[in-house]
Amino acid sequence: MADESRLPVPRNMETNLKDRACRVDRQLSFARDEFLRSGEPLPTLVRGPIQASWARAVRLGLSPTMTRPAYVHCPAGSSRLLRVAGPVLARLAGELSREPVSVVMADSHGRVQQRVCGDGALVRAMDVVFLASGFSAAEDQVGTNGIGTTLEAGVATLVTGHEHFTDELGAFSSGGALIHHPVSRVLIGAVECTVLDRRANTLLMAFASSTAQRIEAQLLEDTSAHERALFCDYLSACRSTPGAVLALNADVVMINRRSQQLFDAADQAALLQRAGDVAGSRSTDTIVVDLPSGLVARMEYRPSYRNADLAGGVVRVHVQQGPERTSHPSAPDVGTSPAALPGLVGMSPIWRRVGQDVSEVRSRGEAVILEGESGVGKVTLARAVHELHSPAGHLRVLDPPAPSDLGWWLESAAAELTEGGGTLVLRDGHRWPIEVVSGLAKLLLAQGADRACPTGSWVVLTLSDIQRNPLVDAVLVPCFSRSIVVPPLRHHIEDLERLVPTLLRRIVGDDSLRLSPAALRRLMLLPWAGNIGELHQVLHGIVRYRRAGVIATSDLPPKCLATARRQLTLMEELQRDAVLESLARHGGNKQAAAEDLGVSRATIYRRIREYGIPLASPIRV
Ligand SMILES: Nc1ncnc2c1ncn2[C@@H]1O[C@H](COP(=O)(O)OP(=O)(O)OP(=O)(O)O)[C@@H](O)[C@H]1O
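Quick notes on the rules
Residues numbered from 1 in each chain as written. Predicted model: local features only at pLDDT ≥ 70, side-chain atom pairs only at ≥ 80, totals over all residues. Core = buried A, V, L, I, M, F, W, Y, C linked by C-beta atoms within 7 Å. Buried ≥ 20, exposed ≤ 12 C-beta atoms within 10 Å, placed from the backbone. Domains from an automatic or database assignment. Contact = placed C-beta atoms within 7 Å. Pairing = 2+ DSSP bridges. Helix = DSSP H or I, 4+ residues; strand = E, 2+ residues; numbered from the N terminus. Axes fitted to C-alpha atoms, helices over the stretch in contact; angles between N-to-C directions. Parallel < 35°, antiparallel > 145°, perpendicular 65-115°, else oblique. Left-handed = near helix turned anticlockwise from the far one by under 90°. Nonpolar A, V, L, I, M, F, W, Y, C, P; charged D, E, K, R; others polar. Near = placed C-beta within 6 Å.

K.L.:
Just give me the short version of the nonpolar core, but keep the residues and values in it.
P.N.:
In terms of nonpolar packing, the biggest core is built from 71 residues, with Val368, Leu381, Val460, Leu461, Val500 and Leu535 touching the most fellow members. For this core, the domains that each give at least three residues are domain 3 (364-487) and domain 4 (491-610). If near-sequence neighbours (up to four positions away) are discounted, Val500 is found in contact with Leu515, Leu520 and Leu539. Ranked by size, the runner-up nonpolar core spans 46 residues in total, among them Val88, Ala106, Val191 and Leu219.

Listed below in structure tokens is the structure:
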């Protein structure tokens, strides 16, 4: 029998098909322009999933003209998905070597991990629109497209021609399919088949789906081997250790009976969280953890391998110290650390160490840079060290100057430097204008403040370790002999137990308001990107509603109820808050929240899991 796909298409039929496809694409182009102008989709011309995707792009403020998306270099073998799917994609590359079609695979965040394509023209066209390894194809970066929209909608999606949100992608059509972990069914990526053709072609989706299935089958084989290797290491640790043992990787967690006997549920959760933080590491590590119950535990982490691949990690846990601290809300905030830095709260080893380092630098009179994220307590630390060493001395904190105050600011700095005997804190140097940076560098060099300070004035410059100012790095940093990093709150989260009562007392003025142990445990799970400053703001917000009694978990603001395991980007925080607010509006109904946000129920569940949004807790806005 003749192969029908090879039969010639009659000429006039081919022309009719082409005409029809061009007409449909012109209509789509018109509908997209109308949508961008009026914000109203034309439902008869635009399919529902595409309308929802356009609406999301507009909500995120994306431009219909493509800008360079985020880029993260992903070397070969750098992720498990890449390593396992590699052979599948290599086989496909062979099969497709003469076809004008490409296969693109991305991780669950939409970052392109690999692209295979044997057609030179298509490769060049994809390079122009950044559809290449390392670049993000997430919907929040490039709008509607085969990968991003499939991930966002949580279902296989076809995007053709002007259904793409950006003009530049309008020449392509692509079908995307999801890749799930074959055991846990967690979403781990997406695969897209792309052609340089505006005409819809559902075969693209079928091809993408079958590629995703091939990758999942390969993952299943790999998973069993990894988990067997991890299990062997776990058993051998259990046999050689009488104490608690945990083993984990991204998919499984094993915990022995001894762990359950030694630790209560909150301590186990804290141990697992800490273990999760180190579990991706290839080197052994030992960390000391203050647990919510007051126990102090030492965790010894050892990576577990299958051949050269990391299969997970095994952690042996030893209890170092029994509960010793009071959880009474009025734990004193002065003199609590052995270094006895006045007004400085925190007993964790890392916090005491930084206090000691700054204090030693002050003893030698050396000018110092305190570097760290916003709100970590750089100025508070400088103030405390000043109080300890020269309580009668004079302390001046100079905030970044307003443009009209540059002259005044430099004069004040010069006066402080010459007066001597006190402390000058120059705050947030990364935000200073050029005149101040160079003016201050001259002053410091002239005053001899580059090394031990002859005048006795102790100079402290605070800098962000994230927002760098190249001029400050080049001109001002060399004027200081020491630089000390002040750790983010998440690195000494155990100090929260003392910080919260202190900050509440500062805000309310007495001890009438305290935090319940459950609410404290919840706060200890948060990443605190804005650090102690953010904690202060959150407590301030709560005090507006409750001025006395006990703050329960339900009194915490929605963002504190979500517990993502990693630091979220600004965009992710916006997405998390949108889900939280929508769930609150719809009484926790996920279907209604999904419809409200124009995403699938699967996406809502994925976000809930990824951003740690609690399902059982009451959510209020
Ligand atoms: N160890 C601490 N003990 C008590 N309060 C603290 C501590 N660290 C910080 N705070 C409080 O947290 C808030 C932020 O601290 P601070 O202004 O010192 O941070 P910073 O790192 O200098 O901030 P920025 O980077 O924004 O200049 C202040 O309200 C401060 O009182």
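Moving on from the model shown.
K.L.:
Give a description of the sheet that holds strand 14 (residues 458-463) that names residues and reports values.
P.N.:
Two strands in a sheet stick together by hydrogen bonds in their backbones, pointing the same way (parallel) or opposite ways (antiparallel). Strand order in the open sheet formed by five strands is 12-13-14-11-15, and the pairing between neighbours is parallel. Edge positions in the open sheet fall to strand 12 (395-398) and strand 15 (482-485), since each of these has one partner strand only. The average angle at which neighbouring strand axes cross in this sheet is 20°, direction not considered. Inspection of the sheet shows strand 11 (residues 368-371) paired to strand 14 by four bridges, in the parallel sense. Pairing of Val368 across the sheet is with Val460, part of strand 14. Of the strands in this sheet, strand 11, strand 14 and strand 15 touch helix 10 (residues 349-363), which is tilted by about 165° from strand 15. Set on the sheet, helix 11 (residues 378-389) makes contact with strand 11, strand 12, strand 13 (423-426) and strand 14; between it and strand 13 the angle comes to about 175°.

K.L.:
So what's going on with the pairing of strand 11? Which residues, and what values?
P.N.:
Burial along strand 11 is two-sided: Val368 and Leu370 and Ile369 and Glu371, pointing in opposite directions, are all buried. Pairing between strand 11 and strand 15: four bridges, direction parallel. Bridge assignment links Val368 to a residue of strand 15, and that residue is Arg482.

K.L.:
Talk me through the packing of helix 15 (residues 496-508) against helix 17 (residues 531-543); I want residue IDs and the actual numbers.
P.N.:
Direction vectors running N to C along helix 15 and helix 17 enclose 55°, while the axes themselves pass 10 Å from each other. The angle between helix 15 and helix 17 falls in the class oblique. Between helix 15 and helix 17 the crossing geometry is right-handed. Listed contacts from helix 17 to Leu499, Val500, Leu503, Leu504, Ile507 and Val508 of helix 15 are Ile532, Leu535, His536, Leu539, His540 and Val543. For the contact of helix 15 with helix 17, the per-class residue count stands at 10 nonpolar, two polar and no charged.

K.L.:
Describe the site of the ligand, and please don't skip the residues or the numbers.
P.N.:
Near the ligand there are 19 residues, and of these Val345, Gly377, Lys378, Val379 and Thr380 occur at the shortest range. Of all the secondary structure elements, the ones that give two or more residues to the shell around the ligand are helix 11, helix 15 and helix 17. Broken down by class, the residue content of the shell around the ligand amounts to six nonpolar, 10 polar and three charged. Counting contributing residues per domain, the shell around the ligand is built from domain 3 (364-487) and domain 4 (491-610), each supplying no fewer than three.

K.L.:
Break down the environment of Gly393 for me, with residues and values.
P.N.:
If you trace the backbone, Gly393 turns up in the loop between helix 11 and strand 12. Look past the residues within four positions of Gly393 in its chain and what remains in contact with it is His386, Gly421, Gly422 and Thr423.

K.L.:
Please provide a residue-by-residue account of the environment of Phe172, values included.
P.N.:
Its location among the elements puts Phe172 in the loop between strand 3 (157-160) and strand 4 (173-180). For Phe172, a count of 24 C-beta atoms within 10 Å translates into the label buried. Between the C-alpha atom of Phe172 and that of Asn145, which follows or precedes it by 27 residues, the distance is 9.4 Å. Excluding residues within four positions of it along the chain, Phe172 makes contact with His164, Thr194, Val195 and Leu196.

K.L.:
Could you give an account of the pairing of strand 4, naming the residues involved and the relevant values?
P.N.:
Most of strand 4 is tucked away, with seven of its eight residues classed as buried. As paired strands, strand 3 and strand 4 are joined by four bridges and run antiparallel to one another. Counted as the bridge partner of Thr160 is Ser173 from strand 4. The pairing of strand 4 with strand 5 (residues 187-195) spans eight bridges and is antiparallel. Directly across from Ser173, in strand 5, lies its bridge partner Val195.

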